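Here's the letter readout for the chains.
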Amino acid sequence: MDHFQYRDRTLFCEDVPVPEIAAEFGTPVFVYSKATLVHHLKSIQDAFAEARPVIAYSVKTNGNLSICKLMAEYGSGFDVTSGGELYRALKAGGPNAKTVFAGVGKSEAEMRYGLQSNVMLFNVESEEELFELGRVAASMGRKAPVALRVNPDLPPKTHAKTDTSVKGVKFGLDIEGVLDVSAKAVGHPGLAIVGLHLHLGSPILKSEPYAAGAAKAVQLIEAFRKQGHDIRYLNMGGGFGIHYRKQEALPATAFAEVILPAVRATGCQLVLEPGRFIVGNAGVLVSRVLFNKDTGGKHYVIQDAAMNDLVRPTLYDSFHRVWPVNPAAGVPEYPDDFEAAIPGTVVQDVVGPVCESGDYLAKARHLPLMARGDLVAVFSAGAYGMSMSSNYNSRCRAAEVLVDGTSCRLIRRRELYEDLVAAEVDC
Ligand code: LLP
């Protein structure tokens, strides 16, 4: 629950009652807790302190400038995966020397932008990309600092759509062929191969994949060094899981335990790219009930948040805990187990107004019956919520609010109808 707690049957974010936020800023609204964000960043910094790692907050997870600024203020760099994310990182005052530029398809313009911005590393994912980056850098009289991203070919470990280290996915260079590629880059005027990058997938609830990845990394680094590459960085990516259904995530120390030996063995500077671990449980999506409806033997509660605000359930069948902001007497204030039959509840689907049968935030959940106007909290919505939101059905994107103790601040205003058409021209 982090800094979201019920007090006298009202959900609070830190010391602010959530109904007050909904009254002031409307719904749907993403509400973030600063203390939770900082706590999770610090827990990674502390767990890996021995390695003095570069923590590169993964901007794709939640790129709001206020959140990025907070990350920079507390010592984080950035993992960016597009020119747009690099723009956000720079605007947030991100230290360029701690910014890594990832992504399987960087355009020439993005490569130039990264080079001009003096990013710390380009994570490179294919042979063609490597030599194109070398060409672009050389044409600017530069040597691009490169970490080769390798697909270590591990067993499946998370949802198929977000598992990035099984054979055949589009990510990284195949572990079998990577040494042939790195051999061709020896002495290239535009390339300095200085690192190895792995990102195993997301979210990962076990430490074993990191142990397996780290072991392969140690061997690869040795082999790159034999070829003459001065490997100084080991980037183990992101992917640390969080509590979605229940208390199920590992502490950062469990990942440190299996990653730090590889750092000691190689003497490399460690880079990590966490996103979800920092911001996932630091945010809730708050919506209001519009209508109830019974059909086909099912009960639907229709509220004003939808798949355009939080697409994870639709896209990955993800489970987010859902509960009223003001649970009535007769049901638990906050259930121990959201998947068990909860006394005082009715099985229902929580859906939004979007014109798709796949528009749902929760399916077949034990929830108390709620009335029009009641507020609903969707927990663990801080990661890949707003950043994957869309204007589908011409719905305005939600507002975002950051709470700090007893105060709260609007960090993104709700979109207006004019915003929906602002980029459209010649009409
Ligand atoms: N580094 C790289 C290269 C990545 O591709 C990602 C996430 C991260 C770091 C951050 O991973 P994290 O620490 O947040 O797990 N939209 C999906 C997740 C996609 C992850 C994409 N890459 C979801 O909502 O579950």
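All of these numbers come straight from a predicted model, not from anything done at the bench. Per chain, residues are indexed from 1 in the order of the written sequence. In keeping with the model being predicted, local features are shown solely for residues with a pLDDT of at least 70 and side-chain atom pairs are shown and tallied solely at 80 or more, while totals for entire chains, interfaces and linings include all residues. Side-chain metrics rest on all non-hydrogen atoms present in the structure, leaving aside hydrogens and water.

## Remarks on the site of the ligand
Basically, it comes down to this: Put simply, a residue is near a molecule or strand once any heavy atom of it comes within 4 Å of that molecule or strand. Polar contact is defined as a pair of N or O atoms within 3.5 Å, subject to the rule that within protein one atom must be able to donate a hydrogen and the other to accept it, and that residues adjacent in sequence are counted only when both atoms are side-chain atoms. To be clear on the numbers: accessible area is Shrake-Rupley with a 1.4 Å probe, and residue cover counts the displayed protein chains and nothing else. Residue classes follow a fixed rule: Ala, Val, Leu, Ile, Met, Phe, Trp, Tyr, Cys and Pro count as nonpolar, while Asp, Glu, Lys and Arg count as charged, and any other residue, Gly among them, counts as polar. Boundaries between domains were set according to an automatic or database domain assignment.
Taken together, 19 residues surround the ligand, and among them Ser202, Glu273, Arg312, Tyr316 and Tyr384 come closest. Arginine 312 is positioned with one of its side-chain polar atoms (N or O) 2.6 Å from an oxygen atom of the ligand. Considering the ligand on its own, with 590 Å² of exposed area, one finds that the protein chains cover 91% of that surface. Broken down by class, the residue content of the shell around the ligand amounts to 4 nonpolar, 9 polar and 6 charged. Per-domain counts for the shell around the ligand show at least three residues from each of domain 1 (4-32 + 280-421) and domain 2 (35-277).

## What about the sheet that holds strand E3 (residues 16-17)?
Here is the rule: For two strands to be treated as a pair, DSSP must find no fewer than two bridges joining them. Numbering of helices and strands runs from the N terminus, with a helix taken as a DSSP run of H or I at least four residues long and a strand as a DSSP run of E at least two residues long.
Taken in spatial order, the 3 strands line up as E1-E2-E3 in an open sheet, and their pairing is antiparallel. The sheet is open, and its two borders are formed by strand E1 (4-7) and E3, each paired with just one other strand. Here E1 runs beside strand E2 (residues 10-13); their pairing, made up of 4 bridges, is antiparallel. The residue bridging arginine 7 from the neighbouring strand is threonine 10, located in E2.

## What to know about the state of the cysteines
One covalent bond between the sulfur atoms of two cysteine residues makes up a disulfide. Definition in use: Disulfide: a pair of cysteine sulfur atoms within 2.5 Å of each other. A 1.4 Å probe rolled over the protein chains alone gives each residue an accessible area, and that area as a share of the maximum for its type sets the label: buried under 20%, exposed over 50%, partly exposed in between.
Scanning the entire structure with this criterion turns up 0 disulfides. Looking at cysteine 408, it has no disulfide partner, and the nearest cysteine sulfur is the one in cysteine 13, 8.6 Å off. In this structure cysteine 408 comes out as partly exposed when scored by relative accessible area, which is 27%.

## Focus on the pairing of strand E20 (residues 399-404)
Taking burial as the measure, the 6 residues of E20 include 5 buried ones, the bulk of the element. When strand E4 (residues 29-33) meets E20, the two strands line up parallel, connected through 5 bridges. Bridged to tyrosine 32 within E20 is leucine 402. In this sheet, strand E21 (residues 407-412) lies alongside E20 in antiparallel orientation, the contact comprising 5 bridges. Its bridge partner being in E21, leucine 402 is matched across the sheet by arginine 409. Connecting the antiparallel pair E20 and E21 is a turn made up of 2 residues, with glycine 405 showing a positive phi of about 70°.

## Considering the packing of helix H4 (residues 83-91) against helix H5 (residues 108-116)
Using the following cut-off: Orientation is described by axes fitted as lines to C-alpha atoms, over the contacting stretch for helices, and by angles from 0 to 180 degrees between their N-to-C directions. When describing relative orientation, an angle under 35 degrees is termed roughly parallel and one over 145 degrees roughly antiparallel, while 65 to 115 degrees is termed roughly perpendicular and anything else oblique. Rotating anticlockwise by less than a right angle from the far helix to the near helix defines a left-handed crossing, while the corresponding clockwise rotation defines a right-handed one. Note on contacts: a residue pair is in contact if any heavy atoms of the two residues lie within 4.5 Å.
At a minimum axis distance of 10 Å, the contact between H4 and H5 shows a crossing angle of 25°. Considered as vectors, H4 and H5 are oriented roughly parallel to each other. For the element pair H4 and H5, the recorded crossing hand is left-handed. Side by side, H4 and H5 meet where Gly83, Leu86, Tyr87 and Leu90 of the first sit next to Glu110, Tyr113 and Gly114 of the second. Here the residues of the contact of H4 with H5 sort into 4 nonpolar, 2 polar and 1 charged.

## Details of helix H1 (residues 18-25)
To keep things clear, this is the line we draw: This arc is built from the directions going out from the helix axis to the C-beta atoms.
Those residues of H1 not exposed but buried are Val18, Ile21, Ala22 and Phe25. Along the axis of H1, the buried positions cluster into a sector of 95°, meaning they face one direction only. For H1, the exposed residues lying more than 90 degrees away from the buried face are Glu20, Ala23 and Glu24. Following H1 by one or two positions, glycine 26 has its phi on the positive side, about 80°.

## Comments concerning the environment of glutamine 45
Tracing the chain through its elements places glutamine 45 in helix H2 (residues 34-47). Using a relative accessible area of 22% as the deciding quantity, one classes glutamine 45 as partly exposed. Spatially, the C-alpha atom of glutamine 45 lies 28 Å from that of alanine 192, the residues being 147 residues apart in sequence. When residues no more than four places from it in sequence are discounted, the contact partners of glutamine 45 are Ile55, Tyr74 and Gly75.

## Quick notes on the domain arrangement of the chain
Let me state the cut-off plainly: Joining two parts hides part of their accessible area as seen by a 1.4 Å probe, and the buried area is that hidden amount summed over both. A side-chain nitrogen of Lys or Arg and a carboxyl oxygen of Asp or Glu constitute a salt bridge if their distance falls within 4 Å.
Here the chain is described as being made up of domain 1 (4-32 + 280-421) and domain 2 (35-277). The C-alpha-based centres of domain 1 and domain 2 are spaced at 32 Å. In this complex, domain 1 contributes 23 residues to the contact, which on the side of domain 2 involves 19 residues. Buried surface at the junction of domain 1 and domain 2, summed over both partners, amounts to about 2100 Å²; 50% is from carbon and sulfur atoms. For the pair domain 1 and domain 2, the number of links is 1 salt bridge. Of the charged contacts, one joins glutamate 339 and arginine 245 as a salt bridge, the two residues approaching to 2.5 Å between their closest N and O atoms. At the junction of domain 1 and domain 2, the tally comes to 14 residue pairs in polar contact (both at pLDDT 80 or more).

## Here's the deal with the packing of aromatic side chains
This is how the line gets drawn: Here a Phe, Tyr or Trp ring, Trp counted by its six-membered ring, pairs with any other such ring whose centre lies within 6.5 Å, and the pair is stacked when the planes are under 30 degrees apart, edge-to-face when over 60, and tilted otherwise. The rule for a charge over a ring is simple: NZ of Lys or CZ of Arg within 6 Å of the ring centre, and within 35 degrees of the ring normal.
Enumeration over the complete set of coordinates arrives at 12 aromatic pairs. Between phenylalanine 48 and phenylalanine 240, the aromatic rings sit 6.3 Å apart at their centres with planes inclined by 5°, giving stacked as the arrangement. In this pair, phenylalanine 48 is assigned in the loop between H2 and strand E5 (54-58) and phenylalanine 240 in the loop between strand E12 (233-235) and helix H9 (252-266), connecting sequence segments 192 residues apart. The burial state of phenylalanine 48 is the same as that of phenylalanine 240; both residues are buried. Relative to phenylalanine 338, the ring of tryptophan 323 has its centre 5.9 Å away and its plane inclined at 85°; by these criteria the two rings are edge-to-face. Of the two residues, tryptophan 323 is situated in strand E16 (residues 322-324) and phenylalanine 338 in the loop between E16 and strand E17 (346-351); the sequence distance between them amounts to 15 residues. Comparing tryptophan 323 with phenylalanine 338, the two get one shared label, buried. Through pairs of rings, three or more aromatic residues link up here, namely Tyr6, Trp323, Tyr334, Phe338 and Phe379. The positively charged end of arginine 7 is found above the aromatic ring belonging to phenylalanine 12, 4.5 Å away from the centroid. In this structure, lysine 363 is placed above the aromatic ring of tyrosine 360, and the distance from its NZ or CZ to the ring centre is 4.4 Å.

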